[in-house]
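Below, each chain spelled out in residue letters.
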Amino acid sequence: MAAHKLGVIFRNPSNDAEFLLYRQPRPPKFEEGEDYDLYSDSDLWDLPSTAELNPIAAGVVEPPILVQGVELCSEKIDLRQFDLNSALISVMGRVGLGVADLGDWKFFKCVEEAEFGPGPPINFAFVEAKLLDKNTILREHCKWMSIHTCREWLVNVKPGGVRVGLLAVIGLINESTEPTKFQVPSTLRFQEYPPGVVVIPMRSKTAKPFHTTNLVVFAPENDSGECKDGSFVASGDALIVDPGCRSESLEELREIVAALPRRLIVFATHHHRDHINGLSVIQKTNPDAILLAHKNTMSHIHKDDWNSAYTFVSGSEDICVGGQRLSIIFAPGHTDGHLALLHNSTRSLIVGDHCVGQGSAFLDLYSGASMADYFKTTYKFMELSPHALIPMHGRVSFWPKHMLCGYLKNRRSREKSILRAIERGAETLFEIVVKAYSRIDHSYWIPASWNVKLHVDHLALLDKLPKCFSIERFNRSLGSFAAELDKFEAKSSL
Ligand SMILES: [Zn+2]
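Residues numbered from 1 in each chain as written. Predicted model: local features only at pLDDT ≥ 70, side-chain atom pairs only at ≥ 80, totals over all residues.

**Q** In this structure, what is going on with the overall build of the chain? I would like to understand it.
**A** Counting its secondary structure elements, the chain contains 13 helices and 21 strands. Rg of the C-alpha trace for the chain: 25 Å, near the compact-globule value of 23 Å for 494 residues, within the 12% margin. Reported as C-alpha extents along the three principal axes, the dimensions of the chain are approximately 75 × 55 × 45 Å. Within the span of the chain, comprising 494 residues, buried residues form 41% of the whole. (Helix = DSSP H or I, 4+ residues; strand = E, 2+ residues; numbered from the N terminus. Rg over C-alpha atoms; globule rule 2.2 N^0.38 Å. Buried ≥ 20, exposed ≤ 12 C-beta atoms within 10 Å, placed from the backbone.)

Take a look at the structure:
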C-alpha cells in the first residue's frame with residue numbers, strides 16, 4: 001500500500017507565473033559533539049506540503065474546501081478517498097494562511113513515485129490555489145518564486161547556494177521543460193531530480209531490504225559549453241551509471257540503451273553484480289559504448305560481461321557528456337576500486353554504495369574495503385558540498401551533509417560498542433558480534449561480522465585496542481564464524 005503526500009501550489013495574486021516556496025525545516029541536530037556542526041547543508045526551499053495524506057475518517061463534518069477536478073487525479077489514486085480538507089488546512093497553517101485568504105482551488109497533478117524502496121512508494125498529489133489579497137505579507141520562511149529562477153538554482157548551482165526540493169521539481173519544474181528525445185520505457189517509473197538527472201530504480205538482485213538498483217542516466221539536450229577546454233578523459237552524448245538489473249529487466253535496459261545516443265559512456269561505481277549485471281546487454285545493443293571503471297573494479301569484470309572498449313580511471317579525471325562536465329571522485333571504503341561521480345552544474349553526487357537511501361551500507365571485506373578509507377571518503381564527500389546525494393539503492397537524499405554526518409556518527413558509535421565488547425572480554429569475531437550486534441536480527445550478522453573485522457582493523461590502526469587483546473587470535477577466529485553462527489541459530493530455534 002503506497003503512502004500519499006500533498007503538495008500545494010499557492011499562486012501570487014499579482015503575478016500568475018509566481019508560486020510560493022517554503023523554507024524546509026532542517027533535520028534535527030546531532031546531540032554529540034564531534035565536528036558535525038561544521039557540516040551543514042544550505043537552505044532547501046520547496047512547495048508547502050504535508051508529510052502524509054490520510055484516508056477520510058468516518059463522521060468528519062468539517063465543511064470541505066472545494067477543490068475542482070480531484071476526480072482527475074489518476075486511475076490508481078482516488079483523491080476523494082482522502083481527507084484533503086485537513087491536509088490543506090495543515091499546509092495553510094504552515095505558511096501562515098487561512099481558508100479566507102485563498103480561492104480558486106484546483107487539482108493540479110498526481111505523480112506516482114518510482115520503486116526506490118525499501119518501503120512502499122509515495123504518491124504525490126498537487127493542488128493549486130490563488131492568494132486573494134495582493135497586499136498579504138508573507139511570513140519570513142516563505143517567498144514568491146518563478147519557474148525560471150528555480151531552474152537557475154537547480155542547474156547552475158554555486159556550492160553552498162540555496163536549493164530547491166523535490167516537490168517543486170516533479171510538480172512544476174519538470175512540467176515546464178522541453179520533453180527530452182530520450183524516453184524511458186513506459187513500463188518503468190523514474191524520477192528526474194534535479195532537471196537532467198534521471199534516476200530509474202531497476203529490479204536487481206541486491207542485498208535486502210532493497211530490491212532495486214538505481215540506474216542513473218544523463219542525456220543532455222543542449223550543450224552548455226562546460227567542456228570547451230578539452231581536459232577530460234572521455235566524452236559522449238549520454239552517460240549511464242551502474243546498469244545492474246535482474247535478467248527479467250534486461251529487455252527494459254536494452255530499450256533504454258537503444259533510445260540513447262550512440263556515443264555512450266558507461267560508468268561502473270564498483271564491480272558488485274547488482275551494479276554491472278546489464279553490461280553485456282549494453283555492449284550488444286551499442287558496441288560503440290565505452291566503459292569507465294577503476295582498475296580494481298575492472299579486474300572483477302569478466303570478458304563475458306564486457307570485452308569492448310574501456311578506460312581505466314582513478315578518480316581525478318573529468319568526463320564530458322553532451323557538453324556537461326562530471327568529475328570522477330576516488331571513493332574507496334565500500335570496495336577498494338569504488339568511485340563516485342559529481343555532476344558539476346547541479347552538484348548532484350552519485351555515491352555508489354557508499355550510502356544507501358535508508359539504513360546503513362555494508363563494506364565488502366573481500367574486495368579491499370577499509371574503515372579508514374570509508375571515513376576519509378565520507379569527509380571528502382562533505383567537502384564537495386553536494387546539493388543532492390544519489391545512492392544506488394533507495395531515495396535521493398536532500399540533506400547530503402546531514403546524511404553523511406549520520407553515517408559517521410553511526411560508524412563511530414558502532415566502533416565504540418565493538419571496543420566496549422572487547423574491553424569486556426570478547427576475543428573472537430563471533431564473541432564480538434554477539435555482544436555488539438545483540439539487538440540486530442541474526443540474518444544480518446554475516447555482513448555485520450565483516451564490519452566488525454574492519455572496525456577492529458581500524459581500532460588497531462588508531463592504536464586503541466587494549467594491550468591484552470590479541471589481534472592474531474582474533475584473525476584466527478575469522479574462519480570459524482559461520483560454523484559458530486549455525487550452532488547459535490540451531491540453539492536459538494529450539
Ligand atoms: Zn556494492
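Having seen the model, we can carry on.
**Q** What am I meant to see in the domain arrangement of the chain here?
**A** Many structure descriptions define interface size as the accessible area lost when the parts assemble. One can read the domain layout of the chain as domain 1 (3–152), domain 2 (180–410) and domain 3 (424–492). The partner domain 2 presents 22 residues to the 15 residues of domain 1 that form the contact. Considered class by class, the residues forming the side of domain 1 that touches domain 2 number eight nonpolar, two polar and five charged. (Domains from an automatic or database assignment. Contact = placed C-beta atoms within 7 Å. Nonpolar A, V, L, I, M, F, W, Y, C, P; charged D, E, K, R; others polar.)

**Q** Is there a simple way to explain the sheet that holds strand E9 (residues 191–192) in this structure?
**A** The strands that make up a sheet are held in pairs by hydrogen bonds between backbone atoms, and each pair lies either parallel or antiparallel. As summarised here, the arrangement of the seven strands in space is E9-E10-E11-E13-E14-E15-E16, forming an open sheet in which the pairing is mixed. This sheet does not close on itself; its edge strands, each paired only once, are E9 and strand E16 (310–312). Examined bridge by bridge, E9 and strand E10 (residues 198–203) share two bridges and lie antiparallel to one another. For Glu-192, the partnering residue across the bridge sits in E10 and is Val-198. (Pairing = 2+ DSSP bridges.)

**Q** Help me understand the nonpolar core in this model?
**A** Within soluble globular proteins, side chains that are nonpolar generally end up buried alongside one another. Core analysis: the biggest nonpolar cluster contains 103 residues, and Val-8, Ala-168, Ile-265, Leu-341 and Ile-390 have the highest contact counts within it. For this core, the element with the most residues is helix H3 (residues 166–176), which contributes seven residues. Counting the residues that make up this core, at least three belong to each of domain 1 (3–152) and domain 2 (180–410). For Leu-341, the contacting residues outside a window of four places in its chain are Val-241, Phe-267, Leu-326, Ile-328, Ile-329 and Ile-350. Within the second largest apolar cluster, 14 residues are counted, among which are Ala-421, Ala-426, Leu-429 and Phe-430. (Core = buried A, V, L, I, M, F, W, Y, C linked by C-beta atoms within 7 Å.)

**Q** Before we go on, may I ask you to explain helix H2 (residues 147–155) in this structure?
**A** Because each turn of an α-helix spans 3.6 residues, side chains separated by three or four positions in sequence point in the same direction. Looking at H2, one finds that the buried residues are Cys-150, Trp-153 and Leu-154. Projected down its long axis, H2 carries its buried residues within an arc of 95°, all on one side. (Arc of directions from axis to C-beta.)

**Q** Whenever I open this one, helix H9 (residues 400–423) confuses me. Can you help?
**A** The first and last C-alpha atoms of H9 sit 35 Å apart over 24 residues, in line with the 34 Å expected at 1.5 Å per residue. Among all positions in H9, only Pro-400, Lys-401, His-402, Met-403, Leu-404, Cys-405, Arg-411, Glu-415, Ile-418, Ala-421 and Ile-422 are buried. Residues of H9 that are buried sit in contact with strand E20 (348–350), helix H8 (371–383), strand E21 (388–390), helix H10 (429–436) and helix H11 (445–461). Looking one or two places after H9, you find Gly-425, whose phi comes out positive at around 110°. (Expected span 1.5 Å × (residues − 1).)

**Q** Before we go on, may I ask you to explain the packing of H9 against H10 in this structure?
**A** Helix-helix packing is characterised by the crossing angle of the two axes and by the distance between the axes. Two elements in contact, H9 and H10, have axes separated by 9 Å at closest approach and are oriented at 120°. Here H9 lies oblique to H10, going by the angle between them. The element H9 and its partner H10 pack so that their crossing is right-handed. Of H10, the residues touching H9 (which contributes Arg-414, Ser-417, Ile-418, Ala-421 and Ile-422) are Ile-432, Lys-435 and Ala-436. Residues that form the contact of H9 with H10 fall into these classes: five nonpolar, one polar and two charged. (Axes fitted to C-alpha atoms, helices over the stretch in contact; angles between N-to-C directions. Parallel < 35°, antiparallel > 145°, perpendicular 65-115°, else oblique. Left-handed = near helix turned anticlockwise from the far one by under 90°.)

**Q** Explain the pairing of strand E14 (residues 264–267) here, please?
**A** Side chains Leu-264 and Val-266 of E14 all project onto a buried face; the interleaved residues Ile-265 and Phe-267 project onto the opposite face, where all are buried too. Examined bridge by bridge, strand E13 (residues 238–241) and E14 share four bridges and lie parallel to one another. Looking across to E14, one finds that Val-241 is bridged to Phe-267. Pairing analysis gives three bridges linking E14 to strand E15 (residues 290–293), with the strands arranged parallel. Bridge pairing in E15 links Val-266 to Leu-291.

**Q** Any chance you could explain the packing of H9 against H11 here in plain terms?
**A** Relative to each other, H9 and H11 sit at 80°, their axes nearing to 10 Å. Between H9 and H11, the interaxial angle falls into the category roughly perpendicular. Contacts between H9 and H11 involve Arg-414, Glu-415, Ile-418 and Leu-419 from the former and Asn-451, Val-452, His-455, Val-456, His-458 and Leu-459 from the latter. Split by residue class, the contact of H9 with H11 holds five nonpolar, three polar and two charged.

**Q** Whenever I open this one, the UniProt feature "domain: Metallo-beta-lactamase" (unreviewed entry) in the chain confuses me. Can you help?
**A** In the numbering used here, UniProt assigns the feature "domain: Metallo-beta-lactamase" (unreviewed entry) to residues 227–393. Split by type, residues 227–393 is 23% helix and 24% strand. Its first and last C-alpha atoms lie 30 Å apart. (UniProt positions renumbered as here; feature names shortened; annotations may be inferred.)

**Q** What is the right way to look at the pairing of strand E19 (residues 339–343) in this model?
**A** Note on strand geometry: in a regular strand, side chains alternate between the two faces of the sheet. A large share of E19 lies buried, amounting to four of its five residues. Bridging between strand E18 (residues 324–330) and E19 involves five bridges; their strand directions are antiparallel. Residue pairing in the sheet places Ile-329 in a bridge with Ala-340 of E19. Relative to E20, E19 is paired through three bridges, and the arrangement is antiparallel.

**Q** What's the story with the environment of Val-281 in this structure? I'm lost.
**A** Mapped onto the elements of the fold, Val-281 is located in helix H6 (residues 279–285). The class of Val-281 is buried, set by 21 C-beta atoms lying within 10 Å. The spacing of Val-281 and His-271 is 10 residues in sequence and 16 Å in space, taken between C-alpha atoms. Setting aside chain neighbours within four positions, we find Val-281 in contact with Leu-250, Leu-253 and Arg-254.

**Q** Could you clarify how one ought to interpret unusual backbone geometry in this entry?
**A** Negative phi characterises most residues that are not glycine, and trans characterises most peptide bonds. In this chain, Gly-117 is followed by Pro-118 through a cis amide linkage whose omega measures 0°. Structurally, Pro-118 can be placed in the loop between strand E5 (102–112) and strand E6 (122–131). A cis amide bond, omega 10°, links Lys-208 with the succeeding residue Pro-209. Relative to the helices and strands, Pro-209 is located in the loop between E10 and strand E11 (212–218). In this model, Asp-242 sits at a positive phi of 55°, which is unusual for a non-glycine residue.

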